[in-house]
Amino acid sequence: LLCTTSYCFLGRGEDLFVLQAAHTGNVEVVEKYVEGWNDPDLCDSKNDTLLHKAIRSQHKEIVKILVEVADADIFHKNVDEKTPLLLVFDSEKFNSDIFLILIRKINKDIVDIEKNNSSYLENYIEAIISNLIGMKDEDILMLYSITRYDGEYIKQNKEYIPQGDRKSTRLNSS
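A brief report on the enclosed structure follows.

Parameters at a glance
- Residues numbered from 1 in each chain as written.
- Predicted model: local features only at pLDDT ≥ 70, side-chain atom pairs only at ≥ 80, totals over all residues.
- Heavy atoms only, no water.
- Helix = DSSP H or I, 4+ residues; strand = E, 2+ residues; numbered from the N terminus.
- Buried < 20%, exposed > 50% of the residue type's maximum accessible area, 1.4 Å probe, protein only.
- Contact = heavy atoms within 4.5 Å.
- Areas by Shrake-Rupley, 256 points an atom, 1.4 Å probe, with all protein chains shown as cover.
- Axes fitted to C-alpha atoms, helices over the stretch in contact; angles between N-to-C directions.
- Parallel < 35°, antiparallel > 145°, perpendicular 65-115°, else oblique.
- Left-handed = near helix turned anticlockwise from the far one by under 90°.
- Salt bridge = Lys/Arg side-chain N within 4 Å of Asp/Glu carboxyl O.
- Phe/Tyr/Trp six-rings, centres within 6.5 Å; stacked < 30°, edge-to-face > 60°.
- Core = buried A, V, L, I, M, F, W, Y, C linked by side-chain atoms within 4.5 Å.
- Lys, Arg positive; Asp, Glu negative; His and termini not counted.
- Polar contact = N/O pair within 3.5 Å; in protein donor to acceptor, adjacent residues only side chain to side chain.
- Nonpolar A, V, L, I, M, F, W, Y, C, P; charged D, E, K, R; others polar.

## Re the overall build of the chain
Step number 1: The helix and strand tally for the chain stands at eight helices and three strands.
Step number 2: Per-residue burial for the chain yields a buried fraction of 44% across its 174 residues.
Step number 3: Long-range pairs, those at least 24 residues apart, make up 55% of the contacts in the chain between residues at least 6 apart in sequence.
Step number 4: Surface accessibility of the chain: about 10100 Å² in total, with carbon and sulfur atoms responsible for 50%.

What follows is the structure in structure tokens.
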């Protein structure tokens, strides 16, 4: 067993089935799993969670269910020290929809933490920063822009389009 958390892969048939469903995009199976109050951070022997698998396979609907409904951990590290947030940038095809789902979760978490005046905010910010260490400069700039403006970013031509303002602005023209 490669991880020390209680929700790690135990080799049960149901675990394999759900992990495979997240990988192949079987929304119905993942929905039923989450609706049953099962742990969204179930992981395999490489410590990949359902969210790792859904992001790697570009299954936006499953990512959305895991993040928005089940509150999956976007900072869970696998054996390669990759979090779901970092995997968005690792994949050959950048998926802005998946990235925005994760960024909106970060924004929501920060607002919730601030409302509760929790000392947890410092730890949460540290988790975000530790994810930035493995990113390229342009990806950090994009992350900052989207968390600040919560709009659409088109990576191909480095344009950012804020919500409510469909006039394109260049990222480097802060």
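The rest of the description comes next.
## Some details on helix H4 (residues 60-69)
Step number 1: Here H4 has its buried residues at Ile62, Val63, Ile65, Leu66 and Val67.
Step number 2: Directly beyond the C-terminal end of H4, a positive phi value near 60 degrees is found at Asp71.

## Observations regarding the packing of helix H1 (residues 13-24) against helix H2 (residues 27-35)
Step number 1: With their axes 8 Å apart at the nearest point, H1 and H2 run at an angle of 130 degrees to one another. Compared by their axis directions, H1 and H2 come out oblique. Crossing angle aside, the handedness with which H1 passes H2 is left-handed. For the pair H1 and H2, the contacting residues are Phe17, Val18, Ala21 and Ala22 in the first and Val29, Val30 and Tyr33 in the second.

## Thoughts on the pattern of salt bridges
Step number 1: Summed over the entire model, instances satisfying the criterion amount to seven salt bridges.
Step number 2: Among the salt bridges present, the one from Lys77 reaches Glu81, with a minimum N-O distance of 3.6 Å.
Step number 3: By relative accessible area, which is 36% here, Lys77 ends up partly exposed.
Step number 4: Salt bridges linked by common partners bring Asp71, Lys105 and Asp109 together as one network.

## Overview of unusual backbone geometry
Step number 1: Even without being a glycine, Trp37 presents a positive backbone phi close to 60 degrees.
Step number 2: Within the secondary structure layout, Trp37 lies in the loop between H2 and helix H3 (50-56).
Step number 3: Unlike most non-glycine residues, Glu81 shows phi in positive territory, near 65 degrees.
Step number 4: In this fold, Glu81 is placed in the loop between H4 and helix H5 (84-90).

## Observations regarding the packing of aromatic side chains
Step number 1: All told, the structure shown has four aromatic pairs when counted by the stated rule.
Step number 2: Ring centres 5.7 Å apart and planes at 35 degrees place the aromatic pair Phe89 and Phe94 in the tilted group.
Step number 3: By relative accessible area, Phe94 is classed as partly exposed at 22%.
Step number 4: Counting every residue linked through ring pairs, the aromatic cluster contains Phe89, Phe94 and Phe99.

## Regarding the nonpolar core
Step number 1: Leu51, Val63, Leu66, Leu102 and Ile106 are the most contacted members of the largest nonpolar core, which has 36 residues in total.
Step number 2: Contributions of two or more residues to this core are made by H1, H2, H3, H4, H5, helix H6 (96-115) and helix H7 (120-132).

## What about the side chain of Asp41?
Step number 1: Residue position: Asp41 is located in the loop between H2 and H3.
Step number 2: One buried charge, Asp41, has no salt-bridge partner; the nearest side chain with opposite charge is Lys105, at 8.8 Å.
Step number 3: Among the polar contacts made by the side chain of Asp41, one reaches the main-chain amide nitrogen of Asp73 at a distance of 2.9 Å.

## Some remarks on the packing of H2 against H4
Step number 1: One can describe the packing of H2 onto H4 by two numbers: an axis separation of 10 Å at closest approach and a directional angle of 10 degrees. Compared by their axis directions, H2 and H4 come out roughly parallel. Counted together, Val27, Val30, Glu31 and Val34 of H2 and Glu61, Ile62, Ile65, Leu66 and Val69 of H4 form the full contact between these two elements.
Step number 2: Of the residues in the contact of H2 with H4, the class split is seven nonpolar, no polar and two charged.

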